[in-house]
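Structure assessment
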Amino acid sequence: MTQAVDPVSDDIVTLQTHVLQEKRRHPDASGTLSWILSALSISAKIIAAQLRRARLENVLGAVGTENVQGEEQQKLDVIANTVLMRALGSREGVMVLASEEAEEPVVITENRGDDRGYCVLFDPLDGSSNLDVAGGVGTIFSILRHDRRSSRTEDSVLQPGDRQVAAGYVLYGSSTVLVLTTGEGVDMFVLDTSIGAFIRVERGLRIPESGRCYSLNEGNRRSFPAGYCAYLDWAQGNGYSSRYVGAMVADVHRTLLKGGVFMYPPTEKAPSGKLRLLYEANPMAMLIEQAGGQATDGQGRILEIQPTALHQRTPVILGSPAEVARVSEFLMPAPEAGAA
Ligand code: AHG
Ligand code: MN
Ligand code: MN
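Residues numbered from 1 in each chain as written. Chains lettered and ligands numbered in written order. Predicted model: local features only at pLDDT ≥ 70, side-chain atom pairs only at ≥ 80, totals over all residues. Heavy atoms only, no water.

1. So, the pattern of salt bridges
Where we set the bar: By definition, a salt bridge exists where a carboxyl oxygen of Asp or Glu is found within 4 Å of a side-chain nitrogen of Lys or Arg. Strands are runs of DSSP state E lasting at least two residues, helices are runs of H or I lasting at least four, and both sets are numbered from the N terminus onward. Only protein chains enter the area calculation, which uses a 1.4 Å probe; residues under 20% of their type maximum are buried, those over 50% are exposed, and those in between are partly exposed.
Overall, the coordinates contain 15 salt bridges when judged by the stated rule. The closest approach of N and O atoms between Asp-251 and Arg-254, which form a salt bridge, is 3.0 Å. Here Asp-251 and its partner Arg-254 are both found in helix α5 (residues 248-258), 3 residues apart, which amounts to about one turn of the helix. Overall, the relative accessible area of 19% leaves Arg-254 in the buried class. A single salt-bridge network, built from bridges that share partners, covers Glu-22, Arg-25, Glu-184, Asp-187 and Arg-203.

2. Structural notes on the coordination of the manganese ion (ligand 2)
Note the following rule: The rule for donors is simple: an N, O or S atom within 2.8 Å of the metal counts, and for Na, K and Ca the reach is 3.2 Å. Water is not among the atoms, so a site may look short of donors.
For the manganese ion (ligand 2), the full set of protein donor atoms is Asp-123 (OD), Asp-126 (OD) and Glu-280 (OE), and the range of their distances to it is 1.9 to 2.1 Å. Going along the chain, you hit the donors of the manganese ion (ligand 2) in the pattern D-x2-D-x153-E. Between the manganese ion (ligand 2) and the manganese ion (ligand 3), a spacing of 3.7 Å is present, and a bridge between the two is formed by Asp-123. A single burial state applies to Asp-123 and to Asp-126, both of which are buried.

3. A closer look at the coordination of the manganese ion (ligand 3)
For the manganese ion (ligand 3), the full set of protein donor atoms is Glu-100 (OE), Asp-123 (OD) and Leu-125 (O), at a range of 2.0 to 2.2 Å. In primary-sequence terms, the residues that donate to the manganese ion (ligand 3) follow E-x22-D-x1-L.

4. Notes on the pairing of strand β11 (residues 197-203)
The criterion, for reference: Criterion used throughout: strands pair if DSSP finds at least two bridges between them.
Summarising burial for β11: 5 of the 7 residues are buried, a large majority. Here 2 bridges tie strand β1 (residues 3-4) to β11, and the two strands are oriented antiparallel to one another. Within β11, the residue paired with Ala-4 across the bridge is Glu-202. With 5 bridges connecting them, strand β10 (residues 186-192) and β11 associate as antiparallel partners. In the strand pairing of β11, Asp-192 is matched with Ala-197.

Encoded structure:
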C-alpha cells in the first residue's frame, strides 16, 4: 500500500538518510552502492539546474553530431552524459559505465576478480526532443553487480534485467522527482531546491491494478502489428483516454502513479521497437514490477531477456497488471481454425 509521507507530521527523510537506513538493513553492505546512489543524486541536481537555465545560457538545440543510435544529439544530451560520467567515474566500486550516448561501455576499473564492483548504465537525458519546448525530460539509470565471469570487463553490462540491484529515474518536470528501487519496493523523492536535497514523499509506491489510459505514439499506428491495432480499437470503444508526452520517463511516471499502460510497439522504422533494453526498458521494468505492475516485450517478461548488445532495442508494454494483461490478450496469436 503506498504510504504518502506527511511532510508536517512525518520525519523529514532525505534521499541520503533513506539510503543509509536501507544500508543499515544489510549489515554486510559495503556502502559502495550508497556512494553510487549519492553520485546519481548529485548528477540529477546538476542536470536539473542546467535544464532550468538552458534557454538563458543558449545550450538548447542540437550539437550537430549523431550518437551511436544515429540520433541527432542535443547539447544537453552531451552535457548530461558528461555530468554522469564524471560523477560516477570517480566513485569507488564503479567498474563499468555504459551510456546511450557512448558507443562502447567505459571500463573504469579492470576486472579485479571479485564481484563487489558495479556497472552503472544510464540514459542521461531521456525525451530530449522535448527540451526545446520545455517539456518533461528525464534521466534513467540501472545498476548491476559486476559479473566477474564475464570474459571482458565491459561484457559485464550484458546481464538480464532481473539481475539489477537498483534502478530508477529522475523526471525534470514541474518538480524534479526521483523514483528509486533497490529491490525492496519503490520510493519517491522530490528535490527541495531551497535546501538542495531530495525529500522522500512516498514509500512503497504501488501502481493501481488498472487504469483506463493507454500511452503510445499513435502516429505509428499504420505499422503496428495487428494485435496492437485491435487493442486500440477495443480501448477506444471502451472509453479509454490517450496520453503521450513523448518522453518515456514522463509517460512511465504518469502510468506508475495513475495506472494504465505505456507501450512502444514494433514499427516499420523500428522493427524491434525504439526503446533500448539495457538503460530504458530494464530499469523501468524493474520499477514497475517492484510497484506491482507488469512489463513485457509482447512475448515475455522484459527482465528475462538475455542481452547480446549494449544498444539493443525491445518492444515495451508496461503498466497496471490488468491493462498489460488486456494488451497481451490482443497480441496472442488467434487459435488456428479447427485447433482443439
Ligand atoms: P531519448 O531522448 O533518450 O532518445 O529517448 C526518447 C524515447 C523515449 O523517451 C520516448 O518514449 C520515445 O523516444 C518517443 O519516441 P517517438 O518520438 O518515436 O514517439
Ligand atoms: Mn531515452
Ligand atoms: Mn537519451
